[in-house]
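Below, each chain spelled out in residue letters.
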Amino acid sequence: MKSTKKLFRIAVTGALALSMFLPNSLAMYQAKVKADALYLRQSPGGEVIATLSQDTVVAVLNNSSSWYKVVANGKEGYVSGEYLVGTTVTDFSLGTAKIVCDTTVNFRSQPSTSSSVLASLKNGTAVNVTGVESNWYKVTYNGKTGYVHPDYISFSGTQSTTTADSSASNSTDSTETIVPSTNAVSYTGTSEKRAEVLEYAAQFLGTPYVYGGSTPSGFDCSGFTSYVFANTVGTIPRVAQSQFDATTRVALEDLEPGDLVFFGSSPSSISHVGIYVGDDTFIHSPHTGEVVKYEPLSGSYLSRFQGGGRVIFD
């Protein structure tokens, strides 16, 4: 496959993900980097804002796609979840953050809205974040250790949205979860039409797999690819086998970002399809229980690869 046209590049030269369990939910938890170096990006596949070293402990805020939203070293961004493993470490430095709220927010003794209030922190107050517990940040302020709900903590380069509701001391805690709204990707050396396909596809990262689904409320594999192409460069057939039969064959080494990639037991038994994004990676809606995500074109996918399908000629 051509290596000069890449959607993203993850700097990794060490061990890949180990077998330690990572929670499959949107709950905040801690994890370790298991790579010599891992890029922290501003958005999924976007600009690099930091490089995380081996064994750096991060707070995972959202793992609903292959790009995990995390906090590390005072910055909030996205990393490839493939290179994180769970850890039992509870005390670790996430750096300095600021309180973001309308007036004040409760600084509590435990990670619960029913616990006692140690202080009321004003908007803009600097705190040191020292860990995570039960979906709250553990912080130190003015010599005291306590907890603040993550909706009211802002790290470098992030924007916080708060939902104020009254509780003790006329301050706020939140019971809502904020989900990232941006799934922009970056690209180089790719035509405008191909880039349009990649960018449009990326906005559905995290969308659940639904058998027979072909709308943003849920996709199966060919429902996803047909929807993306219909809304960008042109209509293609709905079913994976028909997409394979209707498109121009492309060899593995000649794949370009925006080409379709097909999988199955033979060319006449295509059972899965995705969109190649470059760097030996594709985006797809895998199967029941999964979500639209990026996946390496390797392992079982490589062994079942039956060919690429070209729709865009440039």
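What comes next is a walk through the structure. Throughout, a residue's number is its position along its own chain's written sequence, starting from 1. The predicted nature of this model means local features are confined to residues of pLDDT at least 70 and side-chain atom pairs, given and counted, to a pLDDT of 80 or more, with totals for whole chains, interfaces and linings taken over all residues. The side-chain figures draw on all heavy atoms in the structure; neither hydrogens nor water molecules are used.

1. Digging into the packing of aromatic side chains
Two aromatic rings from Phe, Tyr or Trp, using only the six-membered ring of Trp, form a pair when their centres are within 6.5 Å; if the ring planes differ by under 30 degrees the pair is stacked, by over 60 it is edge-to-face, and anything between is tilted. One pass over the full model with this rule turns up 14 aromatic pairs. Ring geometry for Phe 204 versus Phe 219: centroids 5.4 Å apart, planes at 75°, classification edge-to-face. Taken together, the positions of Phe 204 in the loop between helix H1 (192–202) and strand S15 (214–215) and Phe 219 in strand S16 (residues 218–219) put the pair 15 residues apart, joining distant regions of the chain. Burial here depends on accessible area, computed with a 1.4 Å probe over protein chains only, as a share of the maximum for the residue type. Under 20% is buried, over 50% is exposed, and the range in between is partly exposed. For Phe 204, a relative accessible area of 6% corresponds to the buried category. Every helix listed is a DSSP run of H or I at least four residues long, and every strand listed is a run of E at least two residues long, numbered separately from the N terminus.

2. Quick look at the sheet that holds strand S22 (residues 305–310)
Spatially, six strands are ordered S17-S22-S18-S19-S20-S21 in an open sheet, and the strand pairing comes out antiparallel. Each end of this open sheet is capped by a strand with a single partner; those strands are strand S17 (248–250) and strand S21 (293–296). Averaged over neighbouring strand pairs, the angle between their axes works out to 40° when direction is ignored. A strand pair is defined by DSSP finding two or more bridges across the two strands. Relative to S22, S17 runs antiparallel, the two being bridged by three bridges. What sits directly across from Thr 248, in S22, is Arg 310. In the packing of H1 onto the sheet, contacts are made with strand S19 (270–278), strand S20 (281–284), S21 and S22, and the angle to S19 comes to roughly 110°. In what follows, residue pairs with any heavy atoms lying within 4.5 Å of each other are defined as contacts. A fitted line through C-alpha atoms serves as each axis, taken over the contacting stretch for helices, and the angle formed by two N-to-C directions is quoted from 0 to 180°. Sitting on the sheet, helix H2 (residues 221–230) touches strand S18 (260–264), S19 and S20, and the angle it makes with S19 is about 45°.

3. Some words on H1
When H1 is considered as a whole, its buried residues turn out to be Arg 194, Ala 195, Val 197, Leu 198, Tyr 200, Ala 201 and Ala 202. Of the surrounding secondary structure, the elements contacted by the buried residues of H1 are H2, S19, S20, S21 and S22.

4. What to know about the pattern of salt bridges
Salt-bridge detection follows one rule: a side-chain nitrogen of Lys or Arg within 4 Å of a carboxyl oxygen of Asp or Glu. For the coordinates displayed, the defined rule picks out eight salt bridges. Asp 220 is the partner of Arg 238 in a salt bridge, and the nearest nitrogen-oxygen pair spans 3.1 Å. Of the two residues, Arg 238 is situated in the loop between H2 and helix H3 (240–246) and Asp 220 in the loop between S16 and H2; the sequence distance between them amounts to 18 residues. Residue class for Arg 238 comes out partly exposed when judged on its relative accessible area of 31%. Owing to a relative accessible area of 9%, Asp 220 belongs among the buried residues under this scheme. Residues Glu 290 and Lys 293 are paired through a salt bridge, measuring 3.2 Å at the closest nitrogen-oxygen approach.

5. Looking at the packing of H1 against H2
In the contact formed by H1 and H2, the axes pass within 9 Å of each other and the chain directions differ by 125°. The orientation of H1 relative to H2 falls into the category oblique. In the crossing of H1 with H2, the sense of the turn from one axis to the other is right-handed. Contact residues: Val 197, Tyr 200 and Ala 201 in H1; Phe 224, Tyr 227, Val 228 and Phe 229 in H2. All amino acids are sorted into three groups, where Ala, Val, Leu, Ile, Met, Phe, Trp, Tyr, Cys and Pro are nonpolar, Asp, Glu, Lys and Arg are charged, and the leftover types, Gly among them, are polar. When the residues that make up the contact of H1 with H2 are grouped by side-chain class, the tally is seven nonpolar, no polar and no charged. Orientation is classified from the angle alone, with under 35 degrees giving roughly parallel, over 145 giving roughly antiparallel, 65 to 115 giving roughly perpendicular, and any other angle giving oblique. Each crossing gets its handedness from the near helix: less than a right angle anticlockwise from the far helix is left-handed, clockwise is right-handed.

6. A short note on the nonpolar core
Within the largest apolar cluster, 27 residues are counted, with the highest numbers of intra-cluster contacts made by Leu 205, Phe 224, Val 228, Leu 260, Ile 275, Ile 283 and Tyr 294. Elements represented by at least two residues in this core include exactly H1, H2, H3, S18 and S19. A total of five residues in this core trace back to one element, the largest contributor, which is H1. Once residues within four sequence positions are removed from consideration, Phe 224 is found in contact with Ala 201, Phe 204, Phe 219, Ile 275, Ile 283, His 284, Ser 285 and Val 292. Counting residues in each nonpolar core, the second largest holds 22 residues, with Phe 92, Ala 97, Cys 101 and Val 148 among its members. The set of buried Ala, Val, Leu, Ile, Met, Phe, Trp, Tyr and Cys residues whose side-chain atoms join them within 4.5 Å is what this entry labels a nonpolar core.

7. Re the pairing of S20
Neither face of S20 is left uncovered, since the one carrying Thr 281 and Ile 283 and the one carrying Phe 282 and His 284 both have all their residues buried. As paired elements, S19 and S20 share three bridges and run antiparallel to each other. In the sheet register, Ile 275 faces S20, and the bridge partner there is Ile 283. Between S19 and S20, which pair antiparallel and follow one another directly, the connecting turn spans two residues, one of which, Asp 279, has a positive phi of 55°. Relative to S21, S20 runs antiparallel, the two sharing four bridges. In the strand pairing of S21, Phe 282 is matched with Glu 295.

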